[in-house]
Amino acid sequence: MSVVTETRVVTTAGRGGARPPVSGRKRRYTADQVSLPRVILRMAAGLIVLGVFILPYLIMFFGSVKSKPEIRSVNPTYFPTEWHWDNFIKMWDTPETPLVQNMISTIVIAVFATLLVLLVAMPAAYYTARFKFPGRMVFLFLVIVTQMLQPAVLTSGLFRQFAAMGLIDTWAAMIFINAAFNLSFAVWIMHSFFAGIPKEVDEAAQIDGAGRLTVLFKINLPLVWPGIVTAIVFTFVACWNEFAASLVILSTAGNQPMSVALTKFVGQYETSWQYVFGVSLVAIVPVIILFMLIEKRLVGGLTAGSVK
């Protein structure tokens, strides 16, 4: 009788009643018990790191809303005495350079160069990861060697080449240059992601009747999406910040990107620092928006493969 009663009690507890306490065992995963002083120490360390990274941008912001006499004062102050918000409006109509056209030029060059890199790098990375052809390692080595060459060292050669092609002072020239100098990084990033996908995935799709392009775009691309996002971000930022080749290839003020237009406010005898700071802040906004949109996938791409 006692055995039956015990069984009923256990059954009732399993159906929704309170579970009997288990003595002599400890939970495998326990809550992180952190003392208050340690929490305060961590928060203070985090605020210090945040302050170190955000301080230059704060100085740029305060400088962008100062007047020219105040920013050139012999006794400078961090905070402006008068807030000149109209600096962000006046800088678009300055005689130094047409900033609206410069912004459009930067966006067009960066976006189309990034798209061209993806168009070429994805099939190249997929092919080198899936097929072992003669000279494969030599090809990959030569691809990464091109990353060592910068546009600043090749500006004279690039100028002569695009002058012969009739593409001097055009967006097309800068799109090709930016794409060429960022292609190797994108190929290597995506190559490692494609190589991490088992070949059995491709074989199973081909057995079901899928072609190579279908396998690439419908099977592999969703699996390597973090790597693609990583390549997009780094390529876009590199194209957005490119300076040396743009300075040589693009001579018309309206065709030049923001990185070159920024130098127009720095003169030999006078510099409009309030506009320099304002243009710099405006120029980083699109990059910040891009990071905010794809931050989660970017982190996944950077940490993928770190844990097996």
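Residues numbered from 1 in each chain as written. Predicted model: local features only at pLDDT ≥ 70, side-chain atom pairs only at ≥ 80, totals over all residues. Heavy atoms only, no water.

Peer 1: Just to check I follow, could you spell out the overall build of the protein for this structure?
Peer 2: Of regular secondary structure, the protein possesses 14 helices and 0 strands. The linear arrangement of helices and strands in the protein, starting from the amino end, is α-α-α-α-α-α-α-α-α-α-α-α-α-α. Counting across all 308 residues of the protein, residues that qualify as buried make up 35%. In the structure as shown, the protein presents an accessible area of about 19900 Å², 68% of it carried by carbon and sulfur atoms. (Helix = DSSP H or I, 4+ residues; strand = E, 2+ residues; numbered from the N terminus. Buried < 20%, exposed > 50% of the residue type's maximum accessible area, 1.4 Å probe, protein only. Areas by Shrake-Rupley, 256 points an atom, 1.4 Å probe, with all protein chains shown as cover.)

Peer 1: Quick question: what am I supposed to make of the packing of helix α10 (residues 212–223) against helix α11 (residues 225–241) here?
Peer 2: For any two helices packed against each other, the geometry comes down to the angle between their axes and how far apart the axes lie. Interaxial distance between α10 and α11 falls to 5 Å at its minimum, and their mutual angle equals 75°. The orientation of α10 with respect to α11, classified from their angle, is roughly perpendicular. Residues Leu221, Pro222 and Leu223 of α10 lie in contact with α11, whose contacting residues are Trp225, Pro226 and Ile228. A per-class count over the contact of α10 with α11 returns 6 nonpolar, no polar and no charged. (Axes fitted to C-alpha atoms, helices over the stretch in contact; angles between N-to-C directions. Parallel < 35°, antiparallel > 145°, perpendicular 65-115°, else oblique. Contact = heavy atoms within 4.5 Å. Nonpolar A, V, L, I, M, F, W, Y, C, P; charged D, E, K, R; others polar.)

Peer 1: Would you take a moment to explain the pattern of salt bridges for this structure?
Peer 2: Opposite charge on two side chains permits pairing when their charged atoms draw close. In total, this model carries 2 salt bridges according to the counting rule given. Measuring nitrogen to oxygen at the nearest pair gives 2.7 Å for the salt bridge that ties arginine 130 to aspartate 202. A residue pair is termed long-range when its members are at least 10 positions apart, and arginine 130 in helix α5 (residues 99–130) and aspartate 202 in helix α9 (residues 199–207) qualify at 72 residues. (Salt bridge = Lys/Arg side-chain N within 4 Å of Asp/Glu carboxyl O.)

Peer 1: I keep staring at the packing of aromatic side chains and nothing clicks. Help me out?
Peer 2: What describes a pair of aromatic rings is the distance from one ring centre to the other and the angle between the planes of the rings. Under the criterion given, the structure shown has 12 aromatic pairs. A centroid spacing of 5.6 Å and a plane angle of 55° characterise the contact between phenylalanine 61 and phenylalanine 62, whose relative ring orientation is tilted. Residue class for phenylalanine 61 comes out partly exposed when judged on its relative accessible area of 25%. Residue phenylalanine 62 is classed as buried on the basis of its relative accessible area, which comes to 16%. (Phe/Tyr/Trp six-rings, centres within 6.5 Å; stacked < 30°, edge-to-face > 60°.)

Peer 1: Mind showing me how you'd approach the nonpolar core here?
Peer 2: Soluble globular proteins: nonpolar side chains tend toward being buried together. Judged by nonpolar contacts, the single largest core of 23 residues is most densely connected at Met190, Phe194, Leu221, Val224 and Ile228. Among the secondary structure elements, those contributing two or more residues to this core are α5, α8 (171–195), α10 and α11. Broken down by element, this core gets its largest block of residues, 7 residues, from α5. With sequence-adjacent residues up to four places away left out, isoleucine 228 is seen in contact with Leu118, Met122, Met190 and Leu221. By size, the runner-up hydrophobic cluster in this structure holds 22 residues, among which are Ile175, Phe236, Phe265 and Ile294. (Core = buried A, V, L, I, M, F, W, Y, C linked by side-chain atoms within 4.5 Å.)

Peer 1: So what exactly am I meant to see when it comes to the environment of alanine 125 here?
Peer 2: Its location among the elements puts alanine 125 in helix α5. Residue classification places alanine 125 among the buried positions, given a relative accessible area of 0%. Once the C-alpha coordinates of alanine 125 and alanine 195 are considered, the two residues, 70 residues apart in sequence, prove to be 8.8 Å apart. Excluding residues within four positions of it along the chain, alanine 125 makes contact with Val187, Met190, His191 and Phe194.

Peer 1: How should helix α6 (residues 136–145) be read in this particular structure?
Peer 2: Because an α-helix completes one turn every 3.6 residues, residues spaced three or four positions apart along the sequence face the same direction. By the burial criterion, the buried members of α6 are Arg136, Leu140 and Val143. Projected onto a plane normal to the axis of α6, the buried residues spread over an arc of 55° and lie on a single side. For α6, the exposed residues set more than 90 degrees away from the buried face come down to Met137, Val138 and Phe141. Contacts made by the buried residues of α6 are with α5 and α8. (Arc of directions from axis to C-beta.)

Peer 1: Looking at this structure, I do not really get α11. What am I missing?
Peer 2: The first and last C-alpha atoms of α11 sit 24 Å apart over 17 residues, in line with the 24 Å expected at 1.5 Å per residue. Burial in α11 covers these residues: Gly227, Ile228, Val229, Thr230, Ala231, Ile232, Val233, Thr235, Phe236, Cys239 and Trp240. (Expected span 1.5 Å × (residues − 1).)

Peer 1: Can you walk me through the side chain of glutamine 274 in this structure?
Peer 2: As for its placement among the helices and strands, glutamine 274 is situated in helix α14 (residues 273–303). Leave out the neighbours within four places in its chain, and glutamine 274 touches Gly63, Ser64, Lys66, Lys68, Ile71 and Asn87.

Peer 1: What am I meant to see in a nonpolar patch on the surface here?
Peer 2: Together, Leu47, Leu50, Ile54, Leu55, Tyr57, Leu58, Ile59, Tyr78 and Phe79 make up an exposed nonpolar region whose accessible area comes to about 940 Å². Within the element layout of this structure, leucine 50 appears in helix α2 (residues 36–64). (Patch = residues over 30% accessible without salt bridge, like charges linked within 9 Å, V, L, I, M, F, W, Y side chains within 5 Å.)

Peer 1: I keep staring at the confidence of the model for the protein and nothing clicks. Help me out?
Peer 2: Low-pLDDT stretches of the model should not have their predicted coordinates read in fine detail. The predicted model of the protein has a mean per-residue pLDDT of 81, with 85% of residues at 70 or higher. Taken together, the stretch residues 1–17 has pLDDT below 50 and engages in 3 contacts with residues farther than four places along the chain or on a different chain. A low-confidence stretch, residues 301–308 (pLDDT under 50), is modelled with 7 contacts involving residues beyond four sequence positions or located in other chains. (pLDDT = per-residue confidence, 0-100.)

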